[in-house]
Each structure stands twice: as C-alpha cells, then as structure tokens.
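Residue-level structural notes
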Amino acid sequence: MRVRCVGAIVHDAEGRLLLIRRGHPPGEGMWSLPGGRAEAGESDADAVVREVAEETGLRVVPGPLVGSVDRAGPGGVTYDIRDYRATVDGGVLRAGDDARDARWVDAEELAALPTTAGLIETLAAWDSLPRPARA
C-alpha cells in the first residue's frame, strides 16, 4: 500500500533549514523535514501548509516540487513523499503536533544531528542543504 505524503524544504534569510524532531514512529527522535500524510481529497499544497503549521507553528507558501522519495513503513506500507520548496509567511516557531522540537539549522548543526535515513544525501542531491554558519 502506498501512502501519499508531503514535506517542506524551508530556508530562512540566513540560509538555515527548518527541521523538526519526530515525536512518533517512523523515525521517532530523529530530525527531518516538517511534513506528513496528505489527507483524502487534500492537494499537496494544502497538505504542506497544514503539516508545517501543525508541526512548527509557521505559516508557509508552498512553492515548486523539489523531488520525491519512497520510504518503507511498517506493515509493508510505502510512504510516497513529495518534498516542496516553501517560504515562511508568518507564525511563531514552536514544536507542535507530533514534533518534539523544531528549529532552524545551518550546515554544521545539520551534520551533528541524528537525521532520518537518507535525509542529508537527498538534500545534497537536490541542492537544498543549509548554508554554513557565518563567522
């Protein structure tokens, strides 16, 4: 069974990347992009807006599709994850819903975090890694 999911690739003005620490399986305790399952009848764009707001408290404007990945889930489920570029349009950053934490990270911080499988390699392939910290 395939489950349609979305994710958001959001950078701030300093080039940092928005990440959440997952509060539930799969990937509980790991850092990843904000996102989740799209609801029945919901467009990908609407799902991106809803998921980011639920997990981070931020309002975003979804942009273009950056790429998609398939991830194995429990019980033979395959998560079909479509990641979209997005820009912040308001809100206050705070962890919510199934996120334990939410934060902006630069390249060095990202490298030091326990991340979901394949996240850093996929972001690198999509030219979507955060910038290094400014000295």
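The present account deals with the structure reproduced in this document.

Cut-offs and rules
Residues numbered from 1 in each chain as written. Predicted model: local features only at pLDDT ≥ 70, side-chain atom pairs only at ≥ 80, totals over all residues. Heavy atoms only, no water. Pairing = 2+ DSSP bridges. Helix = DSSP H or I, 4+ residues; strand = E, 2+ residues; numbered from the N terminus. Core = buried A, V, L, I, M, F, W, Y, C linked by side-chain atoms within 4.5 Å. Buried < 20%, exposed > 50% of the residue type's maximum accessible area, 1.4 Å probe, protein only. Contact = heavy atoms within 4.5 Å. Polar contact = N/O pair within 3.5 Å; in protein donor to acceptor, adjacent residues only side chain to side chain. 1 Å grid on protein atoms, 1.4 Å probe; cavity = no way out; pocket = protein on both sides within 12 Å on 5 of 7 lines; lining within 4 Å. Points joined across faces, edges and corners; volume = space filled by probe spheres on them. Nonpolar A, V, L, I, M, F, W, Y, C, P; charged D, E, K, R; others polar. Axes fitted to C-alpha atoms, helices over the stretch in contact; angles between N-to-C directions. Salt bridge = Lys/Arg side-chain N within 4 Å of Asp/Glu carboxyl O.

**Some thoughts on the pairing of strand E5 (residues 58-72)**
In summary, the side chains of a regular strand alternate between the two faces of the sheet. Direction of pairing for E5 relative to strand E6 (residues 78-91): antiparallel, over a ladder of 12 bridges. Counted as the bridge partner of Leu 65 is Tyr 84 from E6. A loop of 5 residues connects E5 with E6, the two strands running antiparallel in sequence, and Gly 75 in this loop sits at a positive phi of about 65 degrees.

**Here we look at the nonpolar core**
Core analysis: the biggest nonpolar cluster contains 17 residues, and Ile 9, Leu 17, Leu 19, Leu 33, Tyr 79, Val 105 and Leu 123 have the highest contact counts within it. Looking at this core, the elements with two or more residues in it are strand E1 (2-10), strand E2 (17-22), E6 and helix H3 (119-125). It is E1 that provides the largest number of residues to this core, a total of 3 residues. Aside from chain neighbours lying at most four places away, what touches Ile 9 is Leu 17, Leu 33, Val 66, Asp 83, Tyr 84, Arg 85, Ala 86, Leu 123, Trp 126 and Ser 128. In this structure, Leu 18, Val 48, Val 52 and Trp 104 belong to the second largest nonpolar core, which totals 13 residues.

**Observations concerning the side chain of Thr 116**
Its place among the elements puts Thr 116 in the loop between helix H2 (107-112) and H3. In this structure the side chain of Thr 116 is engaged in a polar contact, spanning 3.3 Å, whose partner is the side chain of Ser 32.

**Some details on the environment of Glu 54**
Examined against the element boundaries, Glu 54 turns out to sit in helix H1 (residues 44-56). Among the residues examined, Glu 54 registers a relative accessible area of 29% and is labelled partly exposed. With 32 residues separating them along the chain, Glu 54 and Arg 22 place their C-alpha atoms 13 Å apart.

**What about the layout of surface pockets?**
Considering only enclosed or pocket space, the largest pocket measures out at about 680 Å³ in volume. If you go around the largest pocket, you meet 32 residues; those closest to its centre are Arg 22, Pro 26, Ser 32, Tyr 79 and Ile 81. Where the lining of the largest pocket is concerned, the elements lending two or more residues are E1, strand E4 (35-37), H1, E5, E6 and H3. Classifying every residue of the lining of the largest pocket by side-chain character gives 15 nonpolar, 9 polar and 8 charged.

**Observations concerning the sheet that holds E1**
The strand order E4-E1-E6-E5 describes an open sheet built from 4 strands, whose pairing is mixed. Every other strand in the sheet has two partners, leaving E4 and E5 as the edge strands with one partner each. The mean inter-strand angle of the sheet, taken between neighbouring strand axes irrespective of direction, is 20 degrees. In the packing of H1 onto the sheet, the strands contacted are E1, E4, E5 and E6, and the crossing angle to E5 comes to about 100 degrees.

**Some points on the pattern of salt bridges**
Going through the model one piece at a time under the given rule, you end up with 13 salt bridges. Here Asp 44 ties to Arg 4 by a salt bridge, and the two come within 2.5 Å at their closest N and O atoms. Of this pair, Asp 44 sits in helix H1 while Arg 4 sits in strand E1, and the two are 40 residues apart along the sequence. Taking the relative accessible area as the measure of exposure, Asp 44 reaches 11% and is therefore buried. A relative accessible area of 28% means that Arg 4 is categorised as partly exposed. Taken together, the shared-partner salt bridges connect Arg 2, Arg 4, Asp 44, Asp 70, Asp 80 and Arg 82 into one network.

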